[in-house]
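# Fold and geometry: a report
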Protein chains: 2
Amino acid sequence: MVDDTAFIFDTLVVVGPGLIGSSVLRRARAGHRLARRLIAVDSSPAVCQRVMELGIADEATTDAAAAAAQADCVMLCVPVGVMGDVAAQVLPFMRPGAVLTDVGSTKVSVIEAISPVLRADVPYVPSHPMAGTEFSGPDAGLVDLFENRWCLLTPLDNTPASAIEAVRELWQRCGARLREMTPAHHDRVCAIVSHLPHLLAFTICGTADDLAGETRSEVLDFAASGFRDFTRIAASDPVMWRDIFLANREALLEMLGRFMEDAQAMARAIRWGDADYIVDRIERGREIRKSLIEKQQA
Amino acid sequence: MVDDTAFIFDTLVVVGPGLIGSSVLRRARAGHRLARRLIAVDSSPAVCQRVMELGIADEATTDAAAAAAQADCVMLCVPVGVMGDVAAQVLPFMRPGAVLTDVGSTKVSVIEAISPVLRADVPYVPSHPMAGTEFSGPDAGLVDLFENRWCLLTPLDNTPASAIEAVRELWQRCGARLREMTPAHHDRVCAIVSHLPHLLAFTICGTADDLAGETRSEVLDFAASGFRDFTRIAASDPVMWRDIFLANREALLEMLGRFMEDAQAMARAIRWGDADYIVDRIERGREIRKSLIEKQQA
């Protein structure tokens, strides 16, 4: 059990002080006792300078190795496509017993990328704080970004309990609610609740964009009729989403495959006038909606 | 030009005082001078009684023919699947020169259903007020439901200008913005901005509902990550949507076909790691989103 009057870590190194990373730094700065000392690492000197201007770290550097050597915890907050490379840059320099964690939105591929360079004396706790906005970069962070949001932990079989507990405590002090699950299960859940909706939102925007001139402009005029709700989540960072789609390929393609079968079945019911089938599927949608309202998620 | 200090019609008959119909009645009651006298028609005596309790009509009756005989305007506010039958019940009893209008969400099929029973001496002005909530019935109506919402008129080649102008004025006094287009164009536009998004929302809810127990319940827990935005529009009335899907079959299947091609192309890009293609499609989604924000539709 971590004493919540003490700091969880002495020195916390955040690699990639973007939306998520700089939110953790802001939270640490706001007296939540995540760590006594905060170091931000970014490959861009301009980002490092901005972090210092914002006053959200004690030190900001482009030298990942030098920072890692001082860390009690290294938190990787970089796009999932480069997690493996960045882990390889910091792990050889970490002190025995220091904790490695990441915040990637997919877990199986990140764990696969990091596993080859893992060390037996550096516990690794994969995590995924389910929070975000459509903005990115060190200015986008918010001290309360994780408040009442879920953070999923997907520890490995050999991850020591003390390291899991420390990372759990860190996210709790960020305001998050915690849940543990296997990496594979995590990826399936995120594929249906987040990645597939985003893929569909991006796709329908593209479909509308391809329509001939007059209709295309009318899509914008009349978007309030439903289309608009779909575009709200289509504003997020393209590189981040490209990486997520590619990193969670298997689970996402499986969910998309199920969805496409269901959409084809709906198309067939519409073509052949199968009214009962259509009503049954619509009523299922309403049931899910009702459950969400009962869970106060709506 | 209609004098807006006078009533547009002497007697307005609203057939089907549900969400849309009872909102028009409420608007007329609120001093907007749509008509001097308001008659509601519904096949359900309970609905008629409720309309009188709510005080939103001078008379409420199950006798469509008797009401139609007194009308200067008959507005059909019934599901699109029964528009033809209801038109056949009222048209033979309407006075020469009285105006027939409807509020159906699809236009080609409604016009096809009504055309065989049309009379040369009864002008018909098809309309579609693009407004709604997830509620239905006479209690669901709102006096400001149409405020700043679009109402699309799809007049026929032989619809007299004076009848178009009267219906236009009615919706303007309801607070709506007007646009005229052909019925076929209307159905294509609504297929992409409204019917396809609803179909996809119902479908993804069904896909999630079919998942095995544990994942299914987690969809509800973690819905905030994108899924929730899709369910917001999946709460609407099943019979209304079944009718809309069937009534706008051609345009909806065409838009769904385009969407499925695009989703398949995205799936293929993810499977084969075509990062450029994925980024290009995501960026198009962001562009549409940006255009919406510039049009203050977001």
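Being a predicted model, the structure only gives us computed values, none of them experimental.

## Some points on the overall build of chain A
Of regular secondary structure, chain A possesses 12 helices and eight strands. The 298 residues of chain A split such that 58% are buried. In chain A, the share of contacts with a sequence separation of at least 24, taken over all contacts with a separation of at least 6, comes to 72%. When the accessible surface of chain A is split by element, carbon and sulfur atoms take 49% of a total near 11400 Å². Side-chain charges of chain A comprise 30 positive and 40 negative groups, with the mean position of each set lying 3 Å from the other.

## Quick word on the packing of aromatic side chains
A full pass over the atoms with the stated rule returns 10 aromatic pairs over all chains. Taking the centre distance of 6.1 Å and the plane angle of 70° together, the rings of phenylalanine 202 of chain A and phenylalanine 245 of chain A count as edge-to-face. A residue pair is termed long-range when its members are at least 10 positions apart, and phenylalanine 202 of chain A in helix α7 (residues 183-209) and phenylalanine 245 of chain A in helix α10 (residues 238-247) qualify at 43 residues. Phenylalanine 245 of chain A sits in the buried class, given a relative accessible area of 0%. Summarising the aromatic geometry, the rings of phenylalanine 146 of chain B and tryptophan 171 of chain B are spaced 5.1 Å apart at their centres and angled 75° between planes, so their arrangement reads as edge-to-face. On the criterion of sequence distance, the pair formed by phenylalanine 146 of chain B in the loop between β6 (124-129) and β7 (150-153) and tryptophan 171 of chain B in helix α6 (residues 161-173) is long-range, its members being 25 residues apart. With relative accessibility at 1%, the residue phenylalanine 146 of chain B sits in the buried group. Ring pairs connect the aromatic residues Phe202, Trp241 and Phe245 of chain A, which therefore count as one cluster.

## Structural notes on the domain arrangement of chain A
Residue and element names in this part refer to chain A. Domain parsing of chain A yields domain 1 (9-181) and domain 2 (185-294). Put simply, the middle of domain 1 and the middle of domain 2, counted by C-alpha atoms, are 32 Å apart. Contacts between domain 1 and domain 2 engage 14 residues on the former and 11 residues on the latter. Summed over both sides, the interface between domain 1 and domain 2 buries roughly 1100 Å², with carbon and sulfur atoms accounting for 71% of that surface. Counting the contacts that link domain 1 with domain 2 gives zero salt bridges.

## Regarding the interface of chain A and chain B
At the interface, 89 residues of chain A touch 89 residues of chain B. Counting the surface lost from both chain A and chain B, the interface buries some 8800 Å², and carbon and sulfur atoms represent 69% of this. Connecting chain A to chain B are eight salt bridges. Notably, a salt bridge pairs arginine 179 of chain A with aspartate 221 of chain B, separated by 2.9 Å at the nearest N-O pair. The interface formed by chain A and chain B holds 18 residue pairs in polar contact (both at pLDDT 80 or more) in total. Mapped by element, the contributors of at least two residues to the side of chain A that touches chain B are β7 (150-153), α7, α8 (213-221), α9 (227-231), α10, α11 (249-271) and α12 (275-294) of chain A. Among the elements that make up the side of chain A that touches chain B, the one with the highest residue count is α7 of chain A (20 residues).

## Some points on the side chain of threonine 159 of chain A
All names here are of chain A. The residue threonine 159 is located in the loop between β7 and α6 (161-173) in this model. Polar contacts involving the side chain of threonine 159 include one to the main-chain carbonyl oxygen of tyrosine 124, which spans 3.3 Å. Looking at threonine 159, its side chain comes within polar contact range of the main-chain nitrogen of leucine 156, at 2.9 Å. In this view, threonine 159 contacts Tyr124, Val125 and Ile164; residues no more than four positions away in its chain are not counted.

## Some points on α12 of chain A
Here α12 of chain A spans 29 Å end to end across 20 residues, near enough to the 28 Å set by a 1.5 Å rise per residue. Listed in full, the buried residues belonging to α12 of chain A are Ile278, Val279, Arg281, Ile282, Gly285, Ile288, Arg289 and Leu292 of chain A. The elements touched by buried residues of α12 of chain A are α11 of chain A together with α7 (183-209), α8 (213-221), α9 (227-231) and α10 (238-247) of chain B.

## Points about the packing of helix α11 (residues 249-272) of chain B against helix α12 (residues 275-294) of chain B
Axes are the key here: two packed helices are described by the angle between their axes and the distance separating the axes. All names here are of chain B. Viewed as axis vectors pointing N to C, α11 and α12 meet at an angle of 140°, and their least axial separation amounts to 8 Å. For the element pair α11 / α12, the angle class is oblique. Taken as a pair, α11 and α12 cross one another with a handedness that is left-handed. On the side of α11, the interface is formed by Asp262, Ala265, Met266, Ala269 and Ile270, while α12 contributes Tyr277, Ile278, Arg281 and Ile282.

## Remarks on the relation of the copies chain A and chain B
One copy of the chain maps onto the second through a rotation around an axis plus a translation along that axis. In screw terms, the move from chain A to chain B is a rotation of 180° and a rise of 0.0 Å along the axis, fitting with an RMSD of 0.1 Å. The relationship between the two copies is best expressed as a two-fold rotation axis. A symmetric contact is evident, with 100% of the interface residues of chain A recurring at the interface of chain B.

## Describing the pairing of strand β5 (residues 99-102) of chain B
Residues and elements named next belong to chain B. Burial of β5 is two-sided: the residues Val99 and Thr101 facing one way and the residues Leu100 and Asp102 facing the other way are all buried. Inspection of the sheet shows strand β4 (residues 73-76) paired to β5 by four bridges, in the parallel sense. Looking across to β5, one finds that leucine 76 is bridged to aspartate 102. Crossover β4 to β5 through helix α4 (residues 83-90) is right-handed. Sheet topology note: the β5/β6 ladder contains three bridges and is parallel. By the bridge assignment, aspartate 102 is partnered in β6 with proline 126. Handedness of the crossover is the feature at issue here: the chain leaves β5, passes through helix α5 (residues 108-114), returns alongside β6, and the resulting connection is right-handed.

## Focus on the sheet that holds strand β1 (residues 9-15) of chain B
All names here are of chain B. The mixed open sheet is built from eight strands, whose spatial order is β3-β2-β1-β4-β5-β6-β7-β8. For this open sheet the edge positions go to β3 (59-61) and β8 (177-180), each flanked by a neighbour on one side alone. In this sheet, adjacent strand axes meet at a mean angle of 25° when their direction is disregarded. Here four bridges tie β7 to β8, and the two strands are oriented parallel to one another. Across the sheet, the residue bridging to leucine 153 is glutamate 180, located in β8.

## With respect to the side chain of threonine 203 of chain B
Among the structural elements, threonine 203 of chain B can be located in helix α7. In contact with threonine 203 of chain B, other than residues within four places in its own chain, are Phe259, Asp262, Ala263 and Met266 of chain A.

## A few points about the sheet that holds strand β5 (residues 99-102) of chain A
All names here are of chain A. Judged by pairing direction, the sheet is mixed, and its eight strands sit side by side in the order β3-β2-β1-β4-β5-β6-β7-β8 without closing on themselves. Two strands lie at the open edges of the sheet, namely β3 (59-61) and β8 (177-180), each paired on one side alone. Sheet twist, expressed as the mean angle between neighbouring strand axes with direction ignored, is 25°. Sitting on the sheet, helix α1 (residues 19-29) is in contact with β1 (9-15), β2 (35-41), β4 (73-76) and β6 (124-129), with an inclination near 155° to β2.

Definitions and limits used
Residues numbered from 1 in each chain as written. Chains lettered and ligands numbered in written order. Predicted model: local features only at pLDDT ≥ 70, side-chain atom pairs only at ≥ 80, totals over all residues. Heavy atoms only, no water. Helix = DSSP H or I, 4+ residues; strand = E, 2+ residues; numbered from the N terminus. Buried < 20%, exposed > 50% of the residue type's maximum accessible area, 1.4 Å probe, protein only. Contact = heavy atoms within 4.5 Å. Areas by Shrake-Rupley, 256 points an atom, 1.4 Å probe, with all protein chains shown as cover. Lys, Arg positive; Asp, Glu negative; His and termini not counted. Charge placed at Lys NZ, Arg CZ, Asp CG, Glu CD. Phe/Tyr/Trp six-rings, centres within 6.5 Å; stacked < 30°, edge-to-face > 60°. Domains from an automatic or database assignment. Buried area = accessible area lost by both parts, 1.4 Å probe. Salt bridge = Lys/Arg side-chain N within 4 Å of Asp/Glu carboxyl O. Polar contact = N/O pair within 3.5 Å; in protein donor to acceptor, adjacent residues only side chain to side chain. Expected span 1.5 Å × (residues − 1). Axes fitted to C-alpha atoms, helices over the stretch in contact; angles between N-to-C directions. Parallel < 35°, antiparallel > 145°, perpendicular 65-115°, else oblique. Left-handed = near helix turned anticlockwise from the far one by under 90°. Least-squares fit on C-alpha atoms with pLDDT ≥ 70 in both. Pairing = 2+ DSSP bridges. Right-handed = clockwise from strand over helix to strand, strands pointing away.

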